[in-house]
Amino acid sequence: MTPAEPLWIDRFAGLARLDSKTKAHIFAESALVKVPKGAVIFGPGKSPENMLFLLDGTVRVQQVSDSGREILLYRINAGESCVLTTACLLAYEDYAAEGIAETDVAAAALPRSVFDALVATSAEFRSFVFSAFSKRITDLFLVIDEVAFQRVDVRLAQGLLDLAGADDHLAVTHQQLAVDLGTAREVVSRQMQEFQRRGWVQLARGSVVLVNREALRQLAGR
């Protein structure tokens, strides 16, 4: 690990409000970690050694069942911290899910000992930690609601629109979509074929083209 750039802390609104002494302490103790796309950053049974603040890239946090079924819990984007890591640090527990780099990733790593000391002594740092934690808990309840109660076609339309952004071409497989939705690949494939029959998407191996965004938006309720 190498020293993190001094200004990284200002990318996190909660940390930017810390006093200069605390900022300087975090700067001095943090280190830059770089992880290639596809690497497993953490996994079940492993204990976190650092609090991670994502500077660049995207990390997917997912749960894998004993049967091998995967479900996306949330994504960590640049400017966010991993609340699962936070929870494990606070409770001295091992990870119960895995984090995978969806892109090349750069993060600032703050050692557990420094994290513990800051939680104990800095009200502003505690506020940052628990604000991020509470927001992600709310997001997880939405995931539970979607998986348990929403129709797959509606969730698939929402997922395609979210992944596409401004681009109609998505490099994504049916298996990846199934993981995001917490369902089986066969279910996604059947629904994608129906979307194609309606003229909403065009399917190719490992990719999807959005042909009728408006129809997808209407189904997604947007």
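- As annotated in an unreviewed UniProt entry, the chain carries the name Transcriptional regulator, crp family and comes from Phaeobacter piscinae.

1. A word on the overall build of the chain
Item 1. When helices and strands are tallied, the chain shows nine helices and eleven strands.
Item 2. With the C-alpha coordinates aligned to their principal axes, the bounding extent of the chain is approximately 60 × 35 × 30 Å.
Item 3. Looking at the chain residue by residue over its 222 residues, the buried ones come to 43%.
Item 4. Contacts spanning at least 24 positions in sequence make up 69% of the contacts within the chain whose residues lie at least 6 apart.
Item 5. Taken as a whole, the chain presents about 11,700 Å² of accessible surface, with 54% of it coming from carbon and sulfur.
Item 6. Here the chain holds 24 positive side-chain charges and 27 negative ones, and the gap between their average locations is 4 Å.

2. Focus on the UniProt feature "domain: HTH crp-type" (unreviewed entry) in the chain
Item 1. Sites flagged by UniProt as "domain: HTH crp-type" (unreviewed entry) map to residues 150-214.
Item 2. The span residues 150-214 is 55% helical and 15% strand by assignment, and the distance between its end C-alpha atoms comes to 20 Å.

3. Focus: the nonpolar core
A general feature of soluble globular proteins is that nonpolar side chains tend to end up buried together.
Item 1. By size, the foremost hydrophobic cluster in this structure holds 22 residues, and its most contacted members are Leu156, Leu160, Met192, Phe195, Val201, Leu210 and Leu216.
Item 2. When contributions to this core are tallied by element, the ones reaching two or more residues are α6 (152-164), α7 (174-181), α8 (185-197), β11 (207-210) and α9 (213-220).
Item 3. At six residues, α6 tops the list of elements feeding residues into this core.
Item 4. Membership of the second largest hydrophobic core comes to 21 residues, among which are Leu15, Leu18, Leu32 and Ala108.

4. Quick notes on α9
Item 1. Listed as buried for α9 are Arg213, Ala215, Leu216, Leu219 and Ala220. End-on, the buried residues of α9 take up no more than an arc of 165°, which puts them together on one face.
Item 2. Just downstream of α9 lies Gly221, where phi reads positive at about 75°.

5. Remarks on unusual backbone geometry
Item 1. The backbone of Tyr92 shows a phi angle near 55°, a positive value even though the residue is not glycine.
Item 2. Checked against the element boundaries, Tyr92 lands in the loop between α3 (83-91) and β7 (98-101).

6. A closer look at the packing of aromatic side chains
Item 1. Enumeration according to the criterion identifies nine aromatic pairs in this entry.
Item 2. A centroid spacing of 5.9 Å and a plane angle of 75° characterise the contact between Phe115 and Phe125, whose relative ring orientation is edge-to-face. Residue Phe115 is found in helix α4 (residues 112-121), and its partner Phe125 is found in helix α5 (residues 123-149); the two are separated by ten residues along the sequence.
Item 3. Overall, Phe115 belongs to the buried group, its relative accessible area being 1%.
Item 4. Aromatic rings pair up to connect Trp8, Phe12, Phe53, Phe115, Phe125 and Phe128 into one cluster.

7. Considering helix α2 (residues 20-29)
Item 1. Listed in full, the buried residues belonging to α2 are Thr22, Lys23 and Ile26. The buried residues of α2 occupy one face: seen down the axis, they fall within an arc of 100°. Relative to its buried face, α2 has exposed residues pointing more than 90 degrees away, namely Ser20, Lys21 and Ala28.
Item 2. The distance from a side-chain oxygen at the start of α2 to the backbone nitrogen of Lys21 is 3.1 Å, and the residue carrying that oxygen is Asp19.

8. Quick notes on the pattern of salt bridges
Item 1. Taken as a whole and judged by the stated rule, the model has 13 salt bridges.
Item 2. For Glu186, the salt bridge is made with Arg185, and the minimal N-O distance between the two is 3.4 Å.
Item 3. On the basis of relative accessible area, Glu186 is assigned to the partly exposed category, the value being 41%.
Item 4. Two residues, Glu194 and Arg197, come together in a salt bridge whose shortest N-O distance is 2.6 Å. Highlighted residues: Glu194 and Arg197, both in helix α8, separated by three residues, approximately one helical turn.
Item 5. Relative accessible area serves as the criterion here: at 62%, Arg197 is assigned to the exposed category.
Item 6. Residues participating in the shared-partner salt-bridge network are Arg60, Arg75, Glu102 and Asp180.

Definitions and limits used
- Residues numbered from 1 in each chain as written.
- Predicted model: local features only at pLDDT ≥ 70, side-chain atom pairs only at ≥ 80, totals over all residues.
- Heavy atoms only, no water.
- Helix = DSSP H or I, 4+ residues; strand = E, 2+ residues; numbered from the N terminus.
- Buried < 20%, exposed > 50% of the residue type's maximum accessible area, 1.4 Å probe, protein only.
- Contact = heavy atoms within 4.5 Å.
- Areas by Shrake-Rupley, 256 points an atom, 1.4 Å probe, with all protein chains shown as cover.
- Lys, Arg positive; Asp, Glu negative; His and termini not counted.
- Charge placed at Lys NZ, Arg CZ, Asp CG, Glu CD.
- UniProt positions renumbered as here; feature names shortened; annotations may be inferred.
- Core = buried A, V, L, I, M, F, W, Y, C linked by side-chain atoms within 4.5 Å.
- Arc of directions from axis to C-beta.
- Phe/Tyr/Trp six-rings, centres within 6.5 Å; stacked < 30°, edge-to-face > 60°.
- Polar contact = N/O pair within 3.5 Å; in protein donor to acceptor, adjacent residues only side chain to side chain.
- Salt bridge = Lys/Arg side-chain N within 4 Å of Asp/Glu carboxyl O.

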